[in-house]
Amino acid sequence: GGKGTALAVDNENNFLYLHNRNDNKIYSFEINSSGCVDTVERGSWTNPCGTSFGMAINPTDSSILYSSGYNTNKICKMKLNDSRTALKADSADNMNVGIGDAYETSVAGSIYFYKPRYLAFNDSDQLLVANSERIEITVLDKDLNFVRVFGLSGVSRLRGAIDAITAVVTDSALTEGALFGL
């Protein structure tokens with residue numbers, strides 16, 4: 001038994017890719033002409049990003065698959081072989097980006113993720129990454145270059161609480177005369 005946690009279908013509706021978190025493999029299944037998924041896998045390979053909750057196909061090249069790495073805090077770009085049964089190991093298209101951090105602001109050259117989950121492409125062919133623990137969406141181009149970020153940009157509940165408490169206890173107008181249990 002497995003636990004499928006992410007899936008993607010190629011642009012031509014010929015292949016379905018399913019990530020199994022039990023073995024961190026991506027399985028390839030062919031879709032027949034009537035739209036049914038074959039029950040026999042065509043191939044499988046280890047996901048270089050580890051456990052994934054999001055995968056997406058490049059909108060202009062169905063041989064390129066993207067995966068989020070929930071525990072590795074990375075986004076992986078994978079070039080598939082012509083039969084879509086394995087990674088094309090020697091491809092320059094195989095790459096990953098991401099630095100695990102809950103607070104730092106992403107900029108070109110330093111892209112921060114913390115538990116990235118879902119992936120999707122927008123109408124401008126930009127990859128959107130739901131950065132779950134950072135409460136933000138990170139936007140990348142198809143080569144995994146940073147474009148922008150929107151949302152709370154890494155301001156988590158914990159960081160917000162720390163900042164609020166720090167502001168209160170360092171504001172002399174709010175703390176004047178307070179003994180704080182002393």
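The rules behind each value
Residues numbered from 1 in each chain as written. Predicted model: local features only at pLDDT ≥ 70, side-chain atom pairs only at ≥ 80, totals over all residues. Heavy atoms only, no water. Helix = DSSP H or I, 4+ residues; strand = E, 2+ residues; numbered from the N terminus. Buried < 20%, exposed > 50% of the residue type's maximum accessible area, 1.4 Å probe, protein only. Areas by Shrake-Rupley, 256 points an atom, 1.4 Å probe, with all protein chains shown as cover. Pairing = 2+ DSSP bridges. pLDDT = per-residue confidence, 0-100. Disulfide = S-S within 2.5 Å.

## Re the overall build of the protein
Part 1: The helix and strand inventory of the protein stands at 2 helices and 14 strands.
Part 2: Sorting the 182 residues of the protein into buried and exposed places 39% on the buried side.
Part 3: For the protein, the exposed area adds up to about 9,600 Å²; of that, 52% sits on carbon and sulfur atoms.

## What to know about the pairing of strand β6 (residues 61-69)
Part 1: Within β6, 8 of the 9 residues are buried, which leaves it mostly tucked inside the rest of the structure.
Part 2: Relative to β6, strand β5 (residues 55-58) is paired through 4 bridges, and the arrangement is antiparallel. Across the sheet, residue N58 finds its bridge partner in β6, namely D61.
Part 3: Sheet topology note: the β6/strand β7 (residues 74-79) ladder contains 6 bridges and is antiparallel. What sits directly across from L65, in β7, is M78.
Part 4: Taken together, β6 and the strand that follows it, β7, pair antiparallel across an intervening segment of 4 residues, in which N73 is found at a positive phi of about 60 degrees.

## Structural notes on the confidence of the model for the protein
Part 1: Looking at the protein as a whole, its pLDDT mean stands at 87, while 87% of the residues score no less than 70.
Part 2: Averaged over each element, pLDDT in the protein is lowest for helix α2 (residues 172-175) (64) and highest for β5 (97).

## Side note on the state of the cysteines
Part 1: Overall, the coordinates contain 1 disulfide when judged by the stated rule.
Part 2: Two residues share a disulfide in this structure: C49 and C76, whose sulfurs sit 2.0 Å from each other. Here C49 and C76 share a disulfide; its torsion about the S-S bond, 95 degrees, makes the bridge right-handed. Placement of C49 in the loop between β4 (37-46) and β5 and of C76 in strand β7 is noted, with a sequence separation of 27 residues between them. Considered together, C49 and C76 belong to a single accessibility category, that of buried residues.

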